[in-house]
Amino acid sequence: MARSLPQPHVIYLTRHGESVGNVKKIFLDPEEDVLSKSGELQVELLGKYLSREKITRVYSSDYPRAIQTANAIVRHSANMVQLDVKTDVRLRERNIGVFEGKSYREAIEGLLKSGGGDLMAFNPEGAEKMKDVGARMNSFFKEVCLDLDKSEREQEVVVIVSHSFALIKLVDTLTKSGTYRLAHWDQNRGYKLLRNASFIKISVGSLEDNVEDLSTLPGQRKLDFLNLHETEHLRGLVENDTLVKFTQTSSEAKAFSGCIQS
Ligand SMILES: O=P(O)(O)OC[C@H]1O[C@@](CO)(OP(=O)(O)O)[C@@H](O)[C@@H]1O
């Protein structure tokens, strides 16, 4: 008789709520940047939405805007599991080098001066290389997956709070590394920077039990992208000015999106 497969674990990749730096469109000192008033509202809605899940782990970058977001998620969680926010420096936003303290516009001007192209491929002086951002994010994700393998729980529901460049670079490495088999992946929608307090929901399953599929490599996992860039839970902000930010595509946003290179 076929034995039942274990329930896949779930990982939510979420970007923090809107920060003061996001409103001012300035790369503020990451240790100083905190949630804006709208950001506080967004993370409440995110927390409320996620309270339907039995969250078992919450990880966050150690920057204040991410920790505030993670704390809101924990505060709303009605789960019996004792949740602590575990911070990890690998979840930080890309260090933007000489553009720290400068406006997004100045970064775009710097990009144009350097020949234009995708902001993701822009390497300002002193900035962390995008491929290094991908490597640290990927190492974190892999570690979480290995931890989930050891879990005695029937199902783990993990929330990871991080940042725009860091998360999209993670998604990029997950979809291109060959370590994972993807389901419901839509690259046209997927390779976009995450809006504040939006999430990507992924179910993580093992493929090893699937003996009929001989193309499966040992240790390979199935990542099923259940939601991409979800913002439905933020609908409550429709009456708020914040919605303008959610519905308009600014020139900056256009410059930030697009294909991602190291
Ligand atoms: O989505 P918007 O508000 O345009 O902000 C994106 C920018 O915000 C920053 C911080 O200044 O990321 P994040 O808020 O995700 O930490 C930049 O790295 C990124 O370019």
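Please refer to the structure higher up on the page.
On a predicted model such as this, the values are computed, not experimentally measured, just so you know.

Here is what the cut-offs are and how they apply
Residues numbered from 1 in each chain as written. Predicted model: local features only at pLDDT ≥ 70, side-chain atom pairs only at ≥ 80, totals over all residues. Heavy atoms only, no water. Helix = DSSP H or I, 4+ residues; strand = E, 2+ residues; numbered from the N terminus. Buried < 20%, exposed > 50% of the residue type's maximum accessible area, 1.4 Å probe, protein only. Core = buried A, V, L, I, M, F, W, Y, C linked by side-chain atoms within 4.5 Å.

(A) Broad picture of unusual backbone geometry. Non-glycine residue His 184 carries a positive phi angle of around 55°. Assignment of secondary structure puts His 184 in the loop between β5 (180–183) and α7 (187–190). Note on His 184: relative accessible area 60%, which makes it exposed. The backbone phi angle of Ala 197 is positive, close to 60°, even though this residue is not glycine. Following the sequence through the fold, Ala 197 ends up in the loop between α7 and β6 (199–206). Judged by relative accessible area, Ala 197 falls into the buried class, the value being 0%.

(B) Geometry of the nonpolar core. Residues Ile 11, Leu 13, Phe 141, Ile 160, Ile 200, Ile 202 and Leu 223 are the most contacted members of the largest nonpolar core, which totals 41 residues. Put simply, the parts of the chain that give this core at least two residues each are β1 (9–15), α4 (104–113), α5 (130–150), β4 (157–162), α6 (164–176), β6 and β7 (221–230). A total of 8 residues in this core trace back to one element, the largest contributor, which is α5. Counting residues in hydrophobic clusters, the runner-up holds 18 residues, among them Leu 45, Ile 55, Val 159 and Leu 234.

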